[in-house]
Amino acid sequence: MAVSEGALSGVKVLDLSRILAGPTCTQLLGDLGASVLKIENPATGGDDTRQWGPPYAKDADGNPSDLSAYFMAANRNKKSVAVDITTSEGQTTIRRLAAEADILIENFKPGGLAKYGLDYATLSPELPGLVYCSISGFGQTGPNASKPGYDLMAQGYGGIMSLTGDPEGRPMKVGVGIADVMCGMYATVGILAALRHKERTGEGQQIDIALVDSQIAWLINEGVNYLTTGEAPQRRGNGHPNIVPYEVYETADGHVILAVGNDSQFRRFCAFIDHPELPEDPRFATNPQRLEHRDSLNAVLRPALRQHSSAEVIAGLEAVKVPVGPVQTLDQVFATDQVAARDMRLTLPAGPGPVDLIGNPLKLSRTPVTYRRAPPVFDADTNQVLRSDTPFDD
């Protein structure tokens, strides 16, 4: 079967965003074949995250570049174009590029681009087909619209920190900027929907997406647990709110993840740990009963699992089809044959030299993702783009 070019080949993206949510979205669009121009502020040396290091990619002489690991995580398949939008010349440049673009993405505070004439209300009459995505902390409306938004603040405001961490400890954020990343994912979905509408009608539109809204949306079952009962969920560490046993357990030499999803799995698990009597106990016979008697069950399971090594637990439970897995460090993760088989680690030639990046998880049979450009050093493409009659062409 012949493989075609990227699914979004020919789509032109003007990216006025920085940090993580917007760049996550535009990198994903770029991986899918879109041409992305990343507009960066010359007064600050570009995207804020270029300074969010170390670590930095180093050149052949061992000197650090402006490619921080943080920046590289979300900025491949883009050209870097330095434009000062506070000047009339810069505003004219952005309008010219927007006139050729299918999509414009920005994450300024609501109203922040109006003073430059680059907001949706100003651009849309002259560019009615433009898909204009606005990412902000709290959205374009509501009492908090003018407040700044960062991932940590969104995690706190949106409730996930109240659910994360040790039951007796402080509220805890997720280890990466997950509110930003998920906002970028939702933004991508909204943009693709808007492009579909544009294909059918010729109409563009504005997409208004907020970090906090996105954070609240992925509370998923815990959010609906609260809406159903009116009771605020409590932190459970690695425990699951609706399934028992489903968490991290200590072994003789480390930890394993156990995910017993039904009663038949529970019976096989109990046989493995030499406690075949547990499924016959009325307190543990079904998942709702195990949920009610979580602490009593764990009082038996924890010492039983500590009698085995992690390798023994994983091999033994895999043999009887009980979901189980390791808790790996990143060196272990990227050394696995699974990562290699799925192309989840890649190396690209960048300005300073080769850089290692995380691969895209999408595997499309006819229009696979492509890695055409490494994350650019600041200002790498300004002259080529601004002097070209076809600035979006690679």
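As a reminder, the structure under discussion sits directly above these lines.
Reading the values: the criteria
- Residues numbered from 1 in each chain as written.
- Predicted model: local features only at pLDDT ≥ 70, side-chain atom pairs only at ≥ 80, totals over all residues.
- Heavy atoms only, no water.
- Helix = DSSP H or I, 4+ residues; strand = E, 2+ residues; numbered from the N terminus.
- Buried < 20%, exposed > 50% of the residue type's maximum accessible area, 1.4 Å probe, protein only.
- Contact = heavy atoms within 4.5 Å.
- Core = buried A, V, L, I, M, F, W, Y, C linked by side-chain atoms within 4.5 Å.
- Pairing = 2+ DSSP bridges.
- Axes fitted to C-alpha atoms, helices over the stretch in contact; angles between N-to-C directions.
- Salt bridge = Lys/Arg side-chain N within 4 Å of Asp/Glu carboxyl O.
- Patch = residues over 30% accessible without salt bridge, like charges linked within 9 Å, V, L, I, M, F, W, Y side chains within 5 Å.
- Areas by Shrake-Rupley, 256 points an atom, 1.4 Å probe, with all protein chains shown as cover.

**Student:** Is there a simple way to think about the environment of proline 171 in this case?
**Tutor:** Turning to its location among the elements, proline 171 is positioned in the loop between α6 (160-163) and α7 (178-201). You can call proline 171 partly exposed: its relative accessible area is 47%. The spatial distance from the C-alpha of proline 171 to the C-alpha of arginine 235 is 8.2 Å, given a sequence separation of 64 residues. Apart from residues lying up to four places away in sequence, proline 171 is in contact with Met161, Thr164 and Arg235.

**Student:** Sorry if this is basic, but what is going on with the nonpolar core here?
**Tutor:** Across soluble globular proteins, you tend to see nonpolar side chains buried next to one another. In this structure, Val13, Leu29, Ile103, Ile105, Cys133, Ile135 and Ile191 are the most contacted members of the largest nonpolar core, which totals 28 residues. Of all the elements in the fold, those that place two or more residues in this core are α1 (21-31), β6 (103-106), β7 (131-136), α7, β8 (205-210) and α8 (211-217). Of the residues forming this core, the biggest block, six residues, is contributed by α7. Leu14, Ile94, Leu113 and Val385 belong to the second largest nonpolar core, which has 22 residues in total.

**Student:** What is the right way to look at the sheet that holds strand β11 (residues 324-326) in this model?
**Tutor:** In a beta sheet, neighbouring strands are held together by backbone hydrogen bonds and run either parallel or antiparallel to one another. The antiparallel open sheet is built from three strands, whose spatial order is β9-β10-β11. At either margin of the open sheet sits one strand with a lone partner, and together these are β9 (246-250) and β11. Within the sheet, the average angular offset between the axes of one strand and its neighbour, ignoring direction, is 25°. Of the strand pairs in this sheet, β9 and strand β10 (residues 255-259) are connected by five bridges, and their pairing is antiparallel. Note that in β10 the partner of tyrosine 249 across the bridge is valine 256.

**Student:** Looking at this model, I keep getting lost on the pattern of salt bridges. Mind explaining?
**Tutor:** Applying the stated criterion across every chain, the model contains 14 salt bridges. For the salt bridge of arginine 50 with aspartate 66, the shortest nitrogen-to-oxygen distance reads 3.3 Å. A residue pair is termed long-range when its members are at least 10 positions apart, and arginine 50 in the loop between β2 (35-40) and β3 (56-58) and aspartate 66 in strand β4 (residues 64-68) qualify at 16 residues. The salt bridge partner of arginine 345 is aspartate 356, with a shortest N-O separation of 3.5 Å.

**Student:** Teacher, can you tell me more about a nonpolar patch on the surface here?
**Tutor:** Together, Val224, Tyr226 and Leu227 make up an exposed nonpolar region whose accessible area comes to about 320 Å². Mapped onto the elements, leucine 227 comes out in helix α9 (residues 220-229). Residue leucine 227 is classed as exposed on the basis of its relative accessible area, which comes to 68%.

**Student:** Looking at this model, I keep getting lost on the pairing of β7. Mind explaining?
**Tutor:** Every other side chain in a regular strand lies on the same face of the sheet, so the side chains alternate between the two faces. The buried fraction of β7 amounts to six of the six residues, a majority that puts the element mostly inside the structure. Along β7, one buried face is formed by Val131, Cys133 and Ile135 and the opposite face, lined by Tyr132, Ser134 and Ser136, is buried too. Pairing geometry for β6 and β7, over four bridges, is parallel. Looking at β7, one finds that leucine 104 is bridged to tyrosine 132. In this structure, β7 lies alongside β8, joined through six bridges in parallel fashion. Directly across from serine 136, in β8, lies its bridge partner alanine 210.

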